[in-house]
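# Overview (structure and organization)
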Amino acid sequence: MDGQPHAVLLPGPGLGHVNGMALLAKALLSVGFRVTMAFFERSYRTHASKGRLTKLCDSVRVEVVEDDLPPPDSFVDLFRVTSSMPRNLLLLFNSLSTQQQPATCLVSDSIMAWTQHVADELGIPRVEYWTASATAYTASLAVPDLIRQGYVGSHTGEVPKSWKSKEPVFLDCVPGHTSFPLDEIPTDFRYVSMEDPLLQRFVEMANLANRFDCLFIHSVMELESHAFQALQHVAHLEVYPIGPLINQSIDATLTNPTLSWLDTKAPASVIYVSFGSASVHTRDEIFELACGLESSGKPFLWVVRSDGLPHDGALADMVPSGFHERIVDRGMIVPWVSQMDVLAHPAVGGFLSHCGWNSTLESLWMGVPLLTCPIRADQPINSRLIVKEWGVGIELHSSTEEGKPSRHDIEVGINMLLDEDSGCLVRTKAKEFKSMLRKSPFPGG
Ligand code: BUP
């Protein structure tokens, strides 16, 4: 044993969670920690098989822990906890001790709050890591209360009447200090029963919130001071804003067809379109988006993941006839990009985004204004922050009966954002936020 502190990092399922943890691993390595990244098997396989685990995972020791879960039918299945998971995690810690590299702390995702019991049994501190916004964290603390009030966790699968009310309902999360509108409650929770694994993880997280040693939040005090103050002073949690952890290793020598294509476009003329690593779209949504991108008249770079399409077809069958021929010089469609390289490119003038928290921070870091199209999870909260609190984006209007954006909404939104006059305010704000964020990791920030 050499006295070097050794952190075992356990990310939650989901690429945003894994990447956030990998960036924290890099930060800990740089201050002299030994770092082990532990993954539960199903979660590891889901990301590794798609080749999307960040390169950062290459630079740390990776351990895969058996979870005895059946192959997941859906993303939510990855949040199931089996009785062997705590046992197998303990075995990993024992094996590290046997190798004379005992772990000195556990850093685990908030969604893995049950690992608190493992840290308690080992007698080591646990740091909880929330890879999203502080505002979303406060909202998550309200989950047990939402269940008591009958807003979530219905056993019947019926939508509680209160959801259908047109009156805005505000909920207290840190009582007296933060509240949020009912319609921002993650859609994932609205119609699920108490047996839902994701809901169960959130209940654990709220119930164990006073048990961890401290809480890291991947955010910046200046972005969400109100939420941070509520957590520190009212909920008495020891909280550290540790963001933004950005993968800045952009390779200036990198040549790829996407960047070469961007090189041919005028500064700030291209709309970058991406809905993150987990969203799945319907045929109608793809069709409307293709029509809106075409009629906007603007150059676009659109990420269409094959696993984000309905199972029964290819993109070519879901876009209007002749679409590819008509947009050949103006539009580029790719299955995956290095998002940071794209956002850093001067030709990119706006980001039509699902408002995942990583995408939000990356866009702010690069000073790119957003056109927000939140879909699920914490994305509606992030969209509100972007549009109403920070003024660095415009919300995409959703005028259809199902509450989704039409092709016309998309065309109008893109033009408003990229237009020199109508987009001026959000562009200026985005630049201000860029310089604020770049100062934040240094003294005075
Ligand atoms: Br798509 C895509 N390239 O093509 P979020 C994503 N990313 O680098 P999440 C790429 O994945 P939820 C691509 O830069 C970001 O770091 C992107 O994280 C990277 O959304 C990450 O934005 C995506 O937090 O969904 O995790 O996909 O909002 O449900 O957490």
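Residues numbered from 1 in each chain as written. Predicted model: local features only at pLDDT ≥ 70, side-chain atom pairs only at ≥ 80, totals over all residues. Heavy atoms only, no water.

### Points about the overall build of the protein
Scanning the protein for helices and strands turns up 18 helices and 15 strands. Here the protein holds 445 residues, and the buried ones make up 55% of them. Sequence separation of at least 24 residues holds for 70% of the intrachain contacts in the protein that already meet a minimum separation of 6. (Helix = DSSP H or I, 4+ residues; strand = E, 2+ residues; numbered from the N terminus. Buried < 20%, exposed > 50% of the residue type's maximum accessible area, 1.4 Å probe, protein only. Contact = heavy atoms within 4.5 Å.)

### Regarding the sheet that holds strand β2 (residues 34–40)
As summarised here, the arrangement of the seven strands in space is β3-β2-β1-β4-β5-β8-β9, forming an open sheet in which the pairing is parallel. In this open sheet, the two edge strands, each paired with only one partner strand, are β3 (61–65) and β9 (239–241). On average, adjacent strands in this sheet sit at an angle of 25° to one another, irrespective of strand direction. Helix α3 (residues 84–98) rests against β1 (6–10), β2, β3 and β4 (105–109) of the sheet, and its axis sits at about 145° to β3. (Pairing = 2+ DSSP bridges. Axes fitted to C-alpha atoms, helices over the stretch in contact; angles between N-to-C directions.)

### Topic: the site of the ligand
Lining the immediate surroundings of the ligand are 18 residues, of which Ser277, Val337, Asn358, Ser359 and Glu362 lie closest. Between the ligand and Gly16 there is a distance of 3.2 Å, counted from an oxygen atom to a backbone nitrogen or oxygen. In the model, an oxygen atom of the ligand is placed 2.6 Å from a nitrogen or oxygen of the Ser277 main chain. For the ligand, whose free accessible area comes to 630 Å², the fraction covered by protein is 90%. At the level of elements, α1 (15–30) and α15 (357–366) are the ones that each hand at least two residues to the shell around the ligand. No other element matches α15, which puts four residues into the shell around the ligand. Taken together, the residues that form the shell around the ligand break down as six nonpolar, ten polar and two charged. (Near = heavy atom within 4 Å. Polar contact = N/O pair within 3.5 Å; in protein donor to acceptor, adjacent residues only side chain to side chain. Areas by Shrake-Rupley, 256 points an atom, 1.4 Å probe, with all protein chains shown as cover. Nonpolar A, V, L, I, M, F, W, Y, C, P; charged D, E, K, R; others polar.)

### Here we look at the side chain of Gln379
Within the secondary structure layout, Gln379 lies in helix α16 (residues 379–389). Looking at Gln379, its side chain comes within polar contact range of the main-chain nitrogen of Ile375, at 2.9 Å. Sequence-distant contacts of Gln379, that is, excluding residues within four places in its chain, are made with His354, Cys355, Gly356 and Pro374.

### A closer look at helix α12 (residues 283–296)
With 14 residues, α12 ought to run about 20 Å at 1.5 Å a step, and its terminal C-alpha atoms sit 20 Å apart, in line with that. If you check which residues of α12 are buried, you get Ile286, Glu288, Leu289, Ala290, Cys291, Gly292, Leu293, Glu294 and Ser296. Buried residues belonging to α12 abut β10 (270–274), β11 (300–303), α13 (323–326), β13 (348–353) and α17 (407–418). Of the residues flanking the end of α12, it is Gly297, one or two places downstream, whose phi is positive at about 75°. (Expected span 1.5 Å × (residues − 1).)

### As for unusual backbone geometry
Between Gly243 and Pro244 the backbone carries a cis peptide bond, its omega angle lying at -10°. Looking at where Pro244 falls in the secondary structure, it is placed in the loop between β9 and α11 (257–263). Positioned with a positive phi, Ala377 is a non-glycine residue whose angle comes to about 50°. Here Ala377 shows up in the loop between β14 (370–372) and α16. The class for Ala377 is buried, based on a relative accessible area of 15%.

### What about α3?
Since one α-helical turn is 3.6 residues long, residues separated by three or four positions face the same way. Over its 15 residues, α3 extends 21 Å from the first C-alpha to the last, a length consistent with the 21 Å expected when each residue adds 1.5 Å. Residues Ser84, Met85, Asn88, Leu89, Leu90, Leu92, Phe93 and Leu96 constitute the buried set of α3. Against the buried residues of α3 lie β1, β2, β3, β4 and α4 (116–122). In the segment just after α3, Gln100 is the residue with positive phi, at about 60°.

### A closer look at the confidence of the model for the protein
Looking at the protein as a whole, its pLDDT mean stands at 89, while 90% of the residues score no less than 70. Scoring the predicted complex yields pTM 0.92 and, for the interface, ipTM 0.98. (pLDDT = per-residue confidence, 0-100.)

### Here we look at the pairing of β2
Along β2, seven of the seven residues are buried, which leaves the element largely enclosed by surrounding structure. Burial of β2 is two-sided: the residues Arg34, Thr36, Ala38 and Phe40 facing one way and the residues Val35, Met37 and Phe39 facing the other way are all buried. The pairing of β1 with β2 spans four bridges and is classified as parallel. Bridging from a neighbouring strand, His6 pairs with Arg34 of β2. Tracing the backbone out of β1, into α1 and back to the parallel element β2 gives a crossover that is right-handed. (Right-handed = clockwise from strand over helix to strand, strands pointing away.)

### Some words on the pattern of salt bridges
According to the stated counting rule, one finds 15 salt bridges in the structure shown. The partner of Lys404 in a salt bridge is Glu285, and the shortest N-O contact between them spans 2.7 Å. Remark: Glu285 occurs in helix α12 and Lys404 occurs in the loop between β15 (393–395) and α17; sequence separation between them is 119 residues. The class for Glu285 is partly exposed, based on a relative accessible area of 25%. The salt bridge partner of Glu294 is Arg326, with a shortest N-O separation of 2.4 Å. With Glu294 in helix α12 and Arg326 in helix α13, this pair connects stretches of sequence that are 32 residues apart. Judged by its relative accessible area of 44%, Arg326 is partly exposed. Salt bridges sharing common partners tie together Glu41, Arg42, Arg45 and Asp67. (Salt bridge = Lys/Arg side-chain N within 4 Å of Asp/Glu carboxyl O.)

### Focus on the packing of α12 against α17
Relative orientation and spacing of two packed helices are given, respectively, by the angle between their axes and the distance between those axes. In the contact formed by α12 and α17, the axes pass within 7 Å of each other and the chain directions differ by 40°. It follows from the interaxial angle that α12 and α17 lie oblique. Between α12 and α17 the crossing geometry is right-handed. Residue-level contacts link Phe287, Glu288, Leu289, Cys291, Gly292, Leu293, Ser295 and Ser296 of α12 to Arg407, Ile410, Glu411, Ile414 and Asn415 of α17. Residues of the contact of α12 with α17, tallied by class, amount to six nonpolar, four polar and three charged. (Parallel < 35°, antiparallel > 145°, perpendicular 65-115°, else oblique. Left-handed = near helix turned anticlockwise from the far one by under 90°.)

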